[in-house]
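Each chain is listed here by its residues.
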Amino acid sequence: MWRISECFELTSVLLEKNPFHLKSTMVHITAAMELRHSNELYLMAYKAISWFAVGCCSYCINKYDQSRLYFSKATSLEGTFAPGWIGYENAYAGKEEGDQAMSGYRTAARLFPGCHLPTLYIGMEYMRTHSFKLDDQFFYASKGNMSFGSTCV
């Protein structure tokens, strides 16, 4: 006997605790489909991480303008979604629009204090422009911000 309703309830609890648990997400979506919970499926499709994944796909095939649109959608859905902010600025860096990328990385550093990624990417942009004294400063700052309990990803 199928116990899809119980499955859906269990995965709902699991995803409240860890919204990034992929196996639970897949089972949850399948259970929602079987139960015809179209609203739940709609909400799952329009989460920041969904748009982030599409942005990453576009980034991988060098479609930087498209990837910025998707990363922007992710951050508009969830303003505190750090990976979306970083991805957005990485798309500028991918097109070698360093000034725009740097501005965004600085904003991300202010929005997510303690996150090592914005300072790391600032260092990488300085390295790309051969500003080696500045890149060292940001690499060391990034190293100082690294922790296993980081809230930036």
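If you add up the space inside the largest pocket, you get close to 300 Å³. Together, 13 residues line the largest pocket, and Pro19, Phe20, Lys47, Ile49 and Ser50 are the ones closest to its centre. Breaking the lining of the largest pocket down by element, the ones donating at least two residues are helix H2 (22–34) and helix H4 (48–60). Its residues assigned to classes, the lining of the largest pocket comprises eight nonpolar, three polar and two charged.

Positive phi, close to 65°, is recorded for Asn62, a residue that is not glycine. Mapping Asn62 onto the fold places it in the loop between H4 and helix H5 (64–77). Since its relative accessible area comes to 51%, Asn62 is described here as exposed. One non-glycine residue with positive phi stands out, namely His130, at about 65°. Secondary-structure assignment places His130 in the loop between helix H8 (116–128) and helix H9 (132–145). We classify His130 as exposed; its relative accessible area is 59%.

Further remarks concern the side chain of Ser24. Its place among the elements puts Ser24 in helix H2. Take Ser24: its relative accessible area is 8%, and that puts it in the buried class. Discounting residues that sit within four places of it in the chain, Ser24 has contacts with Thr11, Leu14 and Leu15.

In this section: the packing of helix H6 (residues 82–94) against helix H7 (residues 98–111). Axis angle and axis distance: for two packed helices, these are the angle between their axes and the distance between the axes, and together they describe the pair. Where H6 meets H7, the axes come as close as 8 Å, and the angle between the chain directions of the two elements is 165°. Of the possible angle classes, the one that applies to H6 and H7 is roughly antiparallel. For H6 against H7, the interelement crossing comes out left-handed. Judged by residue contacts, Trp85, Ile86, Glu89, Asn90, Tyr92 and Ala93 of H6 engage Gln100, Ala101, Gly104, Tyr105, Ala108 and Leu111 from H7.

Thresholds, definitions, all that
Residues numbered from 1 in each chain as written. Predicted model: local features only at pLDDT ≥ 70, side-chain atom pairs only at ≥ 80, totals over all residues. Heavy atoms only, no water. 1 Å grid on protein atoms, 1.4 Å probe; cavity = no way out; pocket = protein on both sides within 12 Å on 5 of 7 lines; lining within 4 Å. Points joined across faces, edges and corners; volume = space filled by probe spheres on them. Helix = DSSP H or I, 4+ residues; strand = E, 2+ residues; numbered from the N terminus. Nonpolar A, V, L, I, M, F, W, Y, C, P; charged D, E, K, R; others polar. Buried < 20%, exposed > 50% of the residue type's maximum accessible area, 1.4 Å probe, protein only. Contact = heavy atoms within 4.5 Å. Axes fitted to C-alpha atoms, helices over the stretch in contact; angles between N-to-C directions. Parallel < 35°, antiparallel > 145°, perpendicular 65-115°, else oblique. Left-handed = near helix turned anticlockwise from the far one by under 90°.

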